[in-house]
Amino acid sequence: MNLSKKNKYYIAGLLSTLVLIIGIIFIGKYNSPIEKFKREIEKSDYVSAVSLYDAQLASSDDSWKAVAFMRSELNVILQEFKEGMRDYQSVTAELDAFSQIEDVSVYVDDIRSDINYYQGSYNAYATAEEFFGKKDFGNAIMWYRQVVADDKNFPDAQQKIETSVASYRDMVVKKVDALAAEEKYADANTVLTEAFGIIPDDTILSQKWNSILAEQEKFLLQQELVDIDQLLNEKKFEEALKKAVGLLECYGGNAQIEGKYKEAVDAYEKDITAQVDQLLAEKNLDGAQGKINELSVLLPESVVFYELSDRIKKYYPVKLSDLKVTEKRVLRKEVVDFPKDPRGNTYNWGLEYPDPYVWADTAWEIYLLNKEYKRFTAVIVPSEDMVTGSNSAVFKIYTDNGSGEREVFSTEVDIYSEPKPIKIDLTGVDRLRIEFDGGYNARYLLAEPELTKEIME
């Protein structure tokens with residue numbers, strides 16, 4: 001269809017007007033603050049972009065478009081960083097620029113956190129690669145494990161972990177075996193402990209650990225036994241026994257330990273016996289008793305302990321009141337603790353015989369000694385209960401060695417009497433007779449009467 005010349009001019013005019021309008025719109029849009037802002041961002045001219053945003057966009061209706069655009073750009077930055085298209089230094093600089101715009105600063109912080117997260121993973125992988133290249137598999141394993149799952153290097157890291165574990169385990173086992181061969185078990189345990197920190201719950205290393213512990217226990221046991229022998233040779237019998245006791249408590253029914261324990265016991269008992277003999281020869285009763293007490297601490301059930309205890313008892317006095325009276329004619333007798341005489345002297349204990357006047361004849365007691373005792377000692381004094389005007393009392397002691405009684409001590413006691421010590425030799429004496437007689441209110445005290453089987457002077 002042919003158009004008239006007039007129509008052609010009309011259409012051309014319309015087209016020109018339309019082009020002009022579109023051009024005006026395009027130019028207006030191109031020069032709008034939001035478009036200028038986008039262009040500044042795309043050119044990485046962040047100083048101009050920030051200035052433009054603060055001046056024209058922050059308070060405008062297009063601010064949300066600018067924020068959306070910046071969020072989109074930040075996501076692109078993160079993705080390109082993850083894909084290795086941008087380095088850490090450049091993206092950090094861009095984030096620093098975006099962070100100046102308050103409306104996206106929180107989102108910038110989130111993106112920065114993600115980038116640091118991935119950067120840590122990249123650094124770990126790079127460090128692991130360096131150790132792997134040096135065949136330092138222990139450190140390589142620890143760094144490969146820090147590579148995150150969505151890191152592009154993660155598959156390679158996992159494969160190299162598997163390779164490194166096998167190589168590291170072999171290295172550890174060889175090193176441990178070498179140390180064990182040199183009996184350096186403490187060092188071997190240190191190596192294994194470090195290895196468990198890198199590859200925990202490893203079956204092969206666990207088996208090696210148990211094996212080394214068993215070897216170490218045998219080695220230490222032999223060392224302890226050697227130490228005991230050394231102590232015995234040095235005549236340090238108590239130390240040797242204590243060490244043997246400790247081993248017995250630790251290892252139980254080990255035949256070697258039991259044998260060494262018996263050896264130490266025998267040596268210690270013989271040593272204590274020899275020391276007791278020497279101390280008794282030196283008349284050091286307290287020292288001898290102290291050695292027996294030491295024996296009782298380490299070996300309370302020792303036969304030697306009981307033998308020495310019975311032996312030393314002979315040197316300690318026996319109270320007369322502990323002996324059985326075989327014959328007597330006594331109406332009253334009282335065992336008194338810490339009695340006193342009229343002069344105020346105090347004694348550890350004594351036998352008080354009150355008021356002999358009530359007896360029709362002389363009173364007496366007889367003790368059967370069977371020639372077991374060597375000496376009788378006591379002090380005869382008036383009792384503190386004796387009153388002025390009391391009649392005196394007569395006190396006598398007789399001994400009988402089988403050929404008849406013999407008077408060995410006699411004294412008269414009244415309220416004014418001084419304490420009179422008594423010391424009588426009982427060697428070969430079968431029977432001891434104590435006799436007393438007196439008048440009205442004559443009360444007297446036999447203070448600390450004791451008999452001794454062995455004399456140490």
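Note that the coordinates shown come from a computational prediction; the quantities given were computed from them, not determined experimentally.

A. Spotlight on the pairing of strand β7 (residues 393–400). A large share of β7 lies buried, amounting to 6 of its 8 residues. Strand direction decides the pairing type here: β7 and strand β8 (residues 405–413), joined by 8 bridges, are antiparallel. Across the sheet, residue F395 finds its bridge partner in β8, namely T411. What sits between β7 and β8 in their antiparallel hairpin is a turn of 4 residues, with G402 showing a positive phi close to 110 degrees.

B. Expanded view of the side chain of N189. Summarising the element assignment, N189 is placed in helix α9 (residues 185–198). Relative accessible area serves as the criterion here: at 12%, N189 is assigned to the buried category. Residues contacting N189, with those up to four places away along its chain left out, are W209, I212, L213 and Q216.

C. Region of the structure containing the packing of helix α8 (residues 154–181) against helix α10 (residues 203–233). Viewed as axis vectors pointing N to C, α8 and α10 meet at an angle of 5 degrees, and their least axial separation amounts to 11 Å. On the basis of the axis angle, α8 is roughly parallel to α10. Across from R169, V172, V173, V176, D177 and A180 in α8, the residues of α10 making contact are I204, L205, K208, I212 and E215. Split into classes, the residues belonging to the contact of α8 with α10 amount to 7 nonpolar, no polar and 4 charged.

D. Representation of the pattern of salt bridges within the structure. Applying the stated criterion across every chain yields a total of 27 salt bridges. When the shortest N-O distance is used, the salt bridge between E182 and K184 registers 3.1 Å. Given a relative accessible area of 48%, E182 falls into the partly exposed group. For E238, the salt bridge is made with K242, and the minimal N-O distance between the two is 3.2 Å. A residue pair is termed a helical-turn pair when its members lie 3 or 4 positions apart in one helix, as E238 and K242 do in helix α11 (residues 237–251) at 4 residues. Accessibility expressed as a relative area gives 31% for E238, which makes it partly exposed. Note on K242: relative accessible area 46%, which makes it partly exposed.

E. Representation of unusual backbone geometry in the model. The residue K283 is not glycine, and still its phi comes out positive at about 60 degrees. Position of K283 relative to the elements: it lies in the loop between α12 (255–281) and α13 (285–298). Note on K283: relative accessible area 46%, which makes it partly exposed. Phi at N370 is positive, roughly 55 degrees, even though this residue is not glycine. Position of N370 among the secondary structure elements: in the loop between β5 (363–368) and β6 (375–382). Relative accessible area serves as the criterion here: at 44%, N370 is assigned to the partly exposed category.

F. The environment of Y46, seen in detail. Along the chain, the position of Y46 falls in helix α3 (residues 46–57). Classification of Y46 by relative accessible area gives buried; the value is 13%. A sequence separation of 52 residues divides Y46 from F98, and the C-alpha atoms of the two residues are 7.5 Å apart. Setting aside chain neighbours within four positions, we find Y46 in contact with I41, E94, A97 and F98.

G. Just the pairing of β6, in detail. The element β6 is largely enclosed, with a buried count of 7 among its 8 residues. Relative to strand β11 (residues 444–452), β6 runs antiparallel, the two sharing 7 bridges. Bridging across to β11, V379 finds its partner in A447.

H. Structural context of the packing of α12 against α13. Direction vectors running N to C along α12 and α13 enclose 165 degrees, while the axes themselves pass 8 Å from each other. Our classification of the angle between α12 and α13 gives roughly antiparallel. Here α12 runs over α13; the crossing is left-handed. Across the interface between the two elements, Y268, E269, I272, Q275, V276, L279 and L280 from α12 touch L285, G287, A288, K291, I292, E294, L295 and L298 from α13. Looking at the contact of α12 with α13 residue by residue, the class counts come to 10 nonpolar, 2 polar and 3 charged.

I. Focus on the packing of aromatic side chains. Taken as a whole and judged by the stated rule, the model has 10 aromatic pairs. Ring geometry for F132 versus F137: centroids 5.8 Å apart, planes at 80 degrees, classification edge-to-face. Judged by relative accessible area, which is 23%, F132 ranks as partly exposed. Note on F137: relative accessible area 13%, which makes it buried. Where F132 meets Y144, the ring centres are 6.1 Å apart and the plane angle is 70 degrees; that geometry is what we call edge-to-face. Within this pair, whereas F132 is found in helix α6 (residues 105–133), its partner Y144 is found in helix α7 (residues 137–144), the two being separated by 12 residues in sequence. Each member of the aromatic cluster is reached from another via a ring pair, and the members are Y125, F132, F137 and Y144. The ring of Y122 has K152 lying over it, and the distance from NZ or CZ to the ring centre is 4.6 Å.

Conventions used here
Residues numbered from 1 in each chain as written. Predicted model: local features only at pLDDT ≥ 70, side-chain atom pairs only at ≥ 80, totals over all residues. Heavy atoms only, no water. Buried < 20%, exposed > 50% of the residue type's maximum accessible area, 1.4 Å probe, protein only. Helix = DSSP H or I, 4+ residues; strand = E, 2+ residues; numbered from the N terminus. Pairing = 2+ DSSP bridges. Contact = heavy atoms within 4.5 Å. Axes fitted to C-alpha atoms, helices over the stretch in contact; angles between N-to-C directions. Parallel < 35°, antiparallel > 145°, perpendicular 65-115°, else oblique. Nonpolar A, V, L, I, M, F, W, Y, C, P; charged D, E, K, R; others polar. Salt bridge = Lys/Arg side-chain N within 4 Å of Asp/Glu carboxyl O. Left-handed = near helix turned anticlockwise from the far one by under 90°. Phe/Tyr/Trp six-rings, centres within 6.5 Å; stacked < 30°, edge-to-face > 60°. Lys NZ or Arg CZ within 6 Å of the ring centre and 35° of its normal.

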